Amino acid sequence: MIYLDHAATTPVPRAVADAMYAVLTEQFANPSAQYPMGLEMKKQLAAWRRTIAGALGCDPKALFFTSCGTEGDNWAVRAALWQNRHLGRHIVTTAVEHSAVLEACRWAQQDGCEVTYLTPDAQGNLSAQAVLDAVRPDTALVSIMMVNNELGNVFPIAEIARGLAAKNPKTLLHTDAVQGFLEVPFAARTLGADFVSVSAHKIGGPKGIGALYVGPRVRNPRPLLPGGGQEDGLRSGTEATAQIAGFAKAVELRLSGLEETLARMASLRDYAVEQLSAIPDVQILGGGAPHILALSLAGWPSQNIVNDLGAQGICISAGSACHQGKPSHVVAALKLAKRVSGGVIRLSFGPETTQDDIDQCAAALRRHHDTRMPML
Ligand code: PLP
C-alpha cells in the first residue's frame, strides 16, 4: 500500500503503540488516585505535558488536553466569545477553515453573533491586511487557521497577531494549528495567538487526543466541561493517560531530526510537483506547507481518481477526509472553473513517504488520464 493521506491521519509508530500499551495494562492508575501508582501517574502526566508543551513552545501550565482538534477549536471559539461578551459579538474567520471552526461559528451565529468569512485568492493565499481590514471595534474573535488542510497554504498568523494588537488589542486570536504543529516552525509563546489548537493523530499519535494552548490574555476562562476539576478545573474528565502517553511519544519521535525530516518532505513535495506537472491537464493548486500538495486533473472527477488509485493500493484524498461525498467548501471558495474544481485531489506526506511512492502515484494518475474519459 502507498499511503499519501497524512493530512487525514497518520500511522502510529510501534514505539507510540508500546508506550500506550504500557499505560493501558501496567500504569493504568487514575492520576488523581492517592496511592503510589496514582502519584506516579500524576508525575508521568506532568512529564508528558512538558514534552508536548516544549514542542508547542509554551509553558506546560498553558497547555490543556482535549479529546481532539475539533474540541480545541470549539473551546477556543466559545472561550473567546465569553471573555469578550461585553466588547461585541463579531467574529472574523475564513471560508476555508476546517468545519470544526466553521460549525462553531455557525452555532455562534444562531446565538446572535455576526461572522465575516474571508475568502482567499485563487492561489489559496490570504493576506494579514485582509484580515485586519475586516476587524471592527466589536470583533470579539479572529480565528484563522495556520495551515489549510486541503491546499497546504500557510496563513500569516504572527503578522495578524501584531496587526491586531495595534488595531484592537482586546480582540482574541485563535489559530487552528492542527496541520501546522511540527510541520511549520512556530512557538505558541511568541506567535501572538491567544489560543492554538493541535491534534495528535496528524503527527504519528493516536486519534482522540489533542491540546489547546491558552495564552495569558485569556482571563478566568469558563470551564468547557465542569466536573471533577481536571485540567486546572477547565476541562474535567479523567485524563486519557494512554492517549496522552502516545501523544508525547509521537512528539518525541517527530522532534528528533525534525529539521531534516521537514526539509526532506519539502523536497519530496517539489519532486511531486515536477512529476505531476508533466501529466497533461494537471494544475497545481495552493501550497506552502511541506506535507500537503493539492492539484487538479482538470476534467476528471476527483472521486473517480480516488477510487481508481485506491483500487491499486494508493491512498489519496479528494479533499478533507471529513467531507467525504460532499463538494469541498475550500475548493469552492477558490472559485475555480468547474472542470478544475471537480478534479481536485490532495496528496499529503509523512516522514515515511518515499520518492518511489510519488513515482507510483504519478504513474497511476497518468494512466487514469490516458485511459479514462474526461467527464467534466
Ligand atoms: N483542523 C484541521 C485543520 C484539521 O485538518 C482537522 C482534521 O482533519 C481538524 C481540525 C480536526 O482534528 P480532529 O480530527 O483531531 O478533531
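**Section: the sheet that holds strand S2 (residues 63-66)**
Here we have seven strands laid out as an open sheet, ordered S2-S8-S7-S6-S5-S3-S4, and mixed in their pairing. Because the sheet does not close on itself, it has two edges, and the strands there are S2 and strand S4 (114-118). For this sheet the average axis-to-axis angle between neighbouring strands, irrespective of direction, equals 20°. Note: S2 against strand S8 (residues 210-214), four bridges, orientation antiparallel. The residue bridging Phe 64 from the neighbouring strand is Leu 212, located in S8. Helix H2 (residues 36-56) contacts S2, strand S7 (195-199) and S8 of the sheet and is inclined by roughly 110° relative to S2. Contacting strand S3 (90-94), S4, strand S5 (139-143) and strand S6 (172-176), helix H4 (residues 99-110) runs over the sheet at an angle of about 150° to S4.

**Overview of the domain arrangement of the protein chain**
Each domain of the protein chain was delimited in the assignment, giving domain 1 (14-255) and domain 2 (258-371). When each unit is reduced to the centre of its C-alpha atoms, the spacing between domain 1 and domain 2 is 28 Å. The interface is formed by 26 residues belonging to domain 1 together with 26 residues belonging to domain 2. Of the roughly 2,000 Å² buried where domain 1 meets domain 2, counting both sides, 58% is carbon and sulfur surface. For the domain 1 face of the interface with domain 2, the top three residues by lost area are Glu 150, Leu 151 and Glu 183, together amounting to 35%. For the interface between domain 1 and domain 2, the tally reads zero salt bridges. Viewed at the interface, domain 2 and domain 1 are joined by eight residue pairs in polar contact (both at pLDDT 80 or more). Tallied by class, residues from the side of domain 1 that touches domain 2 come to 11 nonpolar, 10 polar and five charged.

**Some points on the pairing of S5**
Burial analysis of S5 places five of its five residues in the buried class, which makes it a mostly covered element. In the sheet, S3 pairs with S5 via four bridges, with the strands oriented parallel. Paired with Ile 91 across the strands is Leu 141, a residue of S5. As defined by bridge partners, S5 adjoins S6 across three bridges and the pair is classed as parallel. Bridge pairing links Leu 141 to Leu 172 in S6. Regarding topology, helix H6 (residues 157-167) serves as the crossover connection from S5 to the parallel S6, and that connection is right-handed.

**Structural notes on the site of the ligand**
Taken together, 13 residues lie near the ligand, and Gly 69, Thr 70, Asp 176, Ser 199 and Lys 202 sit nearest. At 2.8 Å, a backbone N or O of Gly 69 approaches an oxygen atom of the ligand. Residue Lys 202 places a side-chain N or O atom 2.6 Å away from an oxygen atom belonging to the ligand. Here the ligand has 390 Å² of accessible area as a free molecule, and 91% of this is covered by the chains. Class assignment of the residues belonging to the shell around the ligand gives a composition of three nonpolar, seven polar and three charged.

**Observations concerning unusual backbone geometry**
The backbone phi angle of Asn 220 is positive, close to 40°, even though this residue is not glycine. Positionally, Asn 220 belongs in the loop between S8 and helix H8 (241-255). Relative accessible area serves as the criterion here: at 71%, Asn 220 is assigned to the exposed category. Positive phi outside glycine occurs at Asp 281, with the angle close to 75°. With respect to the helices, strands and loops of the structure, Asp 281 is situated in the loop between helix H9 (258-277) and strand S9 (282-285). The class of Asp 281 is partly exposed, set by a relative accessible area of 35%.

**Focus on the packing of H9 against helix H13 (residues 355-371)**
For the pair H9 and H13, the least separation of the axes is 10 Å and the interaxial angle reads 25°. Taken together, the axes of H9 and H13 are roughly parallel relative to one another. The handedness of the crossing between H9 and H13 comes out as right-handed. When H9 is examined against H13, the residues Leu 268, Tyr 271, Ala 272, Gln 275 and Leu 276 are found in contact with a partner set consisting of Gln 355, Ile 358, Asp 359, Ala 362 and Leu 365. Its residues placed into classes, the contact of H9 with H13 shows seven nonpolar, two polar and one charged.

**Notes on the sheet that holds strand S10 (residues 292-297)**
Pairing within the open sheet is antiparallel, and its three strands lie in the order S9-S10-S12. The open sheet has two edge strands, S9 and strand S12 (344-348), and neither has a second partner. Between one strand and the next, the sheet's axes are offset by a mean angle of 30°, whatever the strand orientation. Across four bridges, S9 lies against S10 in antiparallel orientation. Counterpart to Ile 284 in the pairing with S10 is Leu 295.

**Regarding the pattern of salt bridges**
Inspection of the entire model under this criterion finds 13 salt bridges. Put simply, Glu 252 and Lys 249 hold a salt bridge, and the shortest N to O gap is 3.2 Å. You can see Glu 252 and its partner Lys 249 sitting in helix H8, three residues apart, about one turn around the helix. Using a relative accessible area of 42% as the deciding quantity, one classes Glu 252 as partly exposed. Taking the relative accessible area as the measure of exposure, Lys 249 reaches 24% and is therefore partly exposed. Among the ionic pairs, Asp 308 bridges to Arg 372, the shortest N-O distance being 3.3 Å. Highlighted residues: Asp 308 in helix H10 (residues 302-311) and Arg 372 in the segment after H13, separated in sequence by 64 residues. One salt-bridge network, held together by shared partners, links Glu 114, Arg 136 and Asp 138.

Calculation rules
Residues numbered from 1 in each chain as written. Predicted model: local features only at pLDDT ≥ 70, side-chain atom pairs only at ≥ 80, totals over all residues. Heavy atoms only, no water. Pairing = 2+ DSSP bridges. Helix = DSSP H or I, 4+ residues; strand = E, 2+ residues; numbered from the N terminus. Axes fitted to C-alpha atoms, helices over the stretch in contact; angles between N-to-C directions. Contact = heavy atoms within 4.5 Å. Domains from an automatic or database assignment. Buried area = accessible area lost by both parts, 1.4 Å probe. Salt bridge = Lys/Arg side-chain N within 4 Å of Asp/Glu carboxyl O. Polar contact = N/O pair within 3.5 Å; in protein donor to acceptor, adjacent residues only side chain to side chain. Nonpolar A, V, L, I, M, F, W, Y, C, P; charged D, E, K, R; others polar. Buried < 20%, exposed > 50% of the residue type's maximum accessible area, 1.4 Å probe, protein only. Right-handed = clockwise from strand over helix to strand, strands pointing away. Near = heavy atom within 4 Å. Areas by Shrake-Rupley, 256 points an atom, 1.4 Å probe, with all protein chains shown as cover. Parallel < 35°, antiparallel > 145°, perpendicular 65-115°, else oblique. Left-handed = near helix turned anticlockwise from the far one by under 90°.

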